[in-house]
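Structural characterization, general
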Amino acid sequence: MSLPSRYLDALGPLVEAVTTYRDATGHNAILVGGAAVALHTGGAVMSLDFDIFAGNDDAFELALKAAGFVEDRKAVHGRGWYHPKHPQFAIEQVSGRYFDGRGDRARCVAMTLRDGAEIILPAIEDIIADRLGQHAVSSGDDAMLHQAKVLYALAEDLDRDYLEIRIREEGGDSALLGLFDGE
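Below is a summary of the structure that appears in this document.

Conventions we followed
- Residues numbered from 1 in each chain as written.
- Predicted model: local features only at pLDDT ≥ 70, side-chain atom pairs only at ≥ 80, totals over all residues.
- Heavy atoms only, no water.
- Helix = DSSP H or I, 4+ residues; strand = E, 2+ residues; numbered from the N terminus.
- Buried < 20%, exposed > 50% of the residue type's maximum accessible area, 1.4 Å probe, protein only.
- Expected span 1.5 Å × (residues − 1).
- Axes fitted to C-alpha atoms, helices over the stretch in contact; angles between N-to-C directions.
- Parallel < 35°, antiparallel > 145°, perpendicular 65-115°, else oblique.
- Left-handed = near helix turned anticlockwise from the far one by under 90°.
- Contact = heavy atoms within 4.5 Å.
- Nonpolar A, V, L, I, M, F, W, Y, C, P; charged D, E, K, R; others polar.

1. Details of unusual backbone geometry
Look at Asp100: it is not a glycine, yet its phi comes out positive at around 55°. Inspection of the secondary structure puts Asp100 in the loop between strand E5 (86-94) and strand E6 (109-112). A positive phi angle is found at Asp157, which is not glycine, with a value near 55°. A relative accessible area of 79% means that Asp157 is categorised as exposed.

2. Thoughts on helix H5 (residues 143-154)
Here H5 contains 12 residues, and its C-alpha end-to-end distance of 17 Å stays within 8% of the 16 Å for a straight helix at 1.5 Å per residue. Looking at H5, one finds that the buried residues are Met144, Leu145, Gln147, Ala148, Val150, Leu151 and Tyr152.

3. Considerations on the packing of helix H2 (residues 33-40) against helix H4 (residues 124-136)
Pairs of packed helices are described in terms of their axes, by the angle between the two and the distance that separates them. Here H2 crosses H4 at 130°, and the two axes come no closer than 11 Å. By the angle between their directions, the pair H2 and H4 is classed as oblique. H2 and H4 meet at a crossing whose hand is left-handed. Of the residues in H4, those touching H2 at Gly33, Gly34, Ala36, Val37 and His40 are Ile124, Ile127 and Arg131. Looking at the contact of H2 with H4, its residues break down into 4 nonpolar, 3 polar and 1 charged.

Laid out in structure tokens, this is it:
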């Protein structure tokens, strides 16, 4: 499976913003959440929002504005944005610490998109743990469990020890990993 062209088009201005942010701060912004799942799975699971962790919200806000993003005043969690050329895709700034200080930023991966543009993603173990943690608190919504299963099935060279630690830290059930191995 591959990512739709309109999805890659919408990532263009975001890549511009994260590049501007990196150049200004010396730090990488990291695409997390459903969009990270979409990229890790090559489009097998899709998301219409781009959640981004930057660490310095004010600097990232300036980078978004420089890339042409407009503040979305209807955003549920506060710092929401959209690009006028791609209004169907929402950007949400994720504040706080990277995975509440539990994720290992050194494990992040750079994914090269078309035209050589790069976006930084969490390690697949962190995304699986995040999805299982969200499943644990989602009151019966199996979408997060499905995403974790797809990620797990597609993953290569998983660090199982790190994954199990991260699942526990996110409040997920590491016993669900046994379900994956049998499928």
